[in-house]
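This is what each chain is made of:
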Amino acid sequence: DLQGVLCAEFGEICQAQGFGEQRAAQLQAVLEFAKRLAAQPPTKKYQIRSAQDIVSLVRMDMMYLDTEQMRVLILDTKNQVLVNHSLYQGTINSAVLRTAEIFRPAIARNAANIIVCHNHPSGDPTPSPEDQDVTKQLVAAGQVLDIEVLDHIIIGNPGYVSLRERMPW
């Protein structure tokens, strides 16, 4: 039985039907990994409660980049981060993606909410008209998909802008 396998010595496993030293070593490695995994307490997910929580999560990765990068935070129903997904590395002043590409990871994970983040390499986080237009399009698409866009954060150096605070939807 399974408990017998867990308690078996290496030599006993080697003598079992169809097991050589290599397979016995593999089996013991997998069993040890499973024991360690089972002993781990569940990891606490990072929960988003404010724009500052978002910025704390992504700022250090994004504020010093010399090209634009777009990230999507995929969130569950409690606004806990499931995935911090880097979607695109752009040029010095643009990062363009189709709406479908932005929502694809959220749809694949059956997520409830997303947060879009991108940086301005110039350091000035002031949203461009294009940033505002893209945000409106994403919010509208999210309503159709039943995935709420909680915020669109623009990271500068040193500041940031929350488009949710600037243009509430």
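Within each chain, residue numbers correspond to sequence positions counted from 1 in written order. Local features in a predicted model are, by the rule used here, given only for residues with pLDDT of at least 70; side-chain atom pairs are given and counted only at 80 or more, and totals for whole chains, interfaces and linings are based on all residues. The side-chain figures draw on all heavy atoms in the structure; neither hydrogens nor water molecules are used.

Student: What am I meant to see in the pairing of strand β3 (residues 113-119) here?
Tutor: Looking along a regular strand, one sees the side chains alternate between the two faces of the sheet. Accessibility here uses a 1.4 Å probe with only protein chains present; expressed as a share of the type maximum, an area under 20% marks a residue as buried, one over 50% as exposed, and anything in between as partly exposed. In DSSP terms, a helix is any run of H or I states spanning at least four residues, a strand is any run of E spanning at least two, and both are numbered starting from the N terminus. Judged by how many residues are buried, β3 sits mostly within the fold: seven of seven residues are covered. Residues of β3 alternate between two faces, with N113, I115, C117 and N119 on one and I114, V116 and H118 on the opposite face, all of them buried. Two strands qualify as a pair provided that DSSP identifies no fewer than 2 bridges between them. Relative to β3, strand β1 (residues 69-75) runs antiparallel, the two being bridged by six bridges. What sits directly across from L75, in β3, is N113. Relative to strand β4 (residues 148-155), β3 runs parallel, the two being bridged by seven bridges. If you follow V116 over to β4, its bridge partner there is H152. Viewed with both strands pointing away, a crossover whose connecting path from the first strand over the helix to the second turns clockwise is right-handed. Regarding topology, helix α6 (residues 129-145) serves as the crossover connection from β3 to the parallel β4, and that connection is right-handed.

Student: Where do I start with the packing of helix α5 (residues 99-108) against α6 in this structure?
Tutor: A pair of packed helices is captured by two measures, namely the crossing angle of their axes and the spacing between those axes. Viewed as axis vectors pointing N to C, α5 and α6 meet at an angle of 40°, and their least axial separation amounts to 11 Å. On the basis of the axis angle, α5 is oblique to α6. Handedness of the α5/α6 crossing: right-handed. For the pair α5 and α6, contact is made by T99, I102, F103 and I107 and by L138, A141, G142 and L145, respectively. Class assignment for the residues of the contact of α5 with α6 results in six nonpolar, two polar and no charged. Helix axes are fitted to C-alpha atoms over the stretch in contact, other axes to C-alpha atoms as well, and angles between N-to-C directions run from 0 to 180 degrees. Angle categories: roughly parallel below 35 degrees, roughly antiparallel above 145, roughly perpendicular from 65 to 115, and oblique for all the rest. Crossings are sorted by hand: turned counterclockwise from the far helix by less than a right angle, the near helix makes the crossing left-handed, and turned clockwise it makes it right-handed. The criterion used for residue contact is that any of the two residues' heavy atoms lie within 4.5 Å. Under the scheme applied here, ten amino acids are nonpolar (Ala, Val, Leu, Ile, Met, Phe, Trp, Tyr, Cys and Pro), four are charged (Asp, Glu, Lys and Arg), and all others, including Gly, are polar.

Student: Explanation requested: a nonpolar patch on the surface in the structure shown.
Tutor: A surface patch of nonpolar side chains, about 250 Å² in accessible area, is lined by L2, V5 and L6. Looking at the element boundaries, L6 is found in helix α1 (residues 2-7). Judged by relative accessible area, which is 35%, L6 ranks as partly exposed. To count toward a patch, a residue needs a relative accessible area above 30% and no salt bridge. Like charges then connect within 9 Å, nonpolar side chains (Val, Leu, Ile, Met, Phe, Trp, Tyr) within 5 Å. Per-residue and other accessible areas were derived by the Shrake-Rupley procedure at a 1.4 Å probe size, with only the shown protein chains allowed to occlude residues. Definition used for salt bridges: Asp or Glu carboxyl oxygen within 4 Å of a side-chain nitrogen of Lys or Arg.

Student: Explain helix α4 (residues 51-62) here, please?
Tutor: Residues spaced three or four apart along an α-helix point in a common direction, a consequence of the helix completing one turn every 3.6 residues. A helix is expected to reach a length of 1.5 Å times the quantity of its residues less one. Counted at 1.5 Å a residue, the expected span for α4 with its twelve residues is 16 Å, and the 15 Å between its end C-alpha atoms agrees. Residues A51, D53, I54, V55, V58 and M62 constitute the buried set of α4.

Student: Can you help me understand unusual backbone geometry in this one?
Tutor: One can expect most non-glycine residues to show negative phi and most peptide bonds to be in trans. A cis geometry characterises the amide bond from N157 onward to P158, with omega recorded as 20°. Its place among the elements puts P158 in the loop between β4 and β5 (160-162). For N79, which is not a glycine, the phi torsion comes out positive at approximately 60°. Tracing the backbone shows N79 in the loop between β1 and β2 (81-89).

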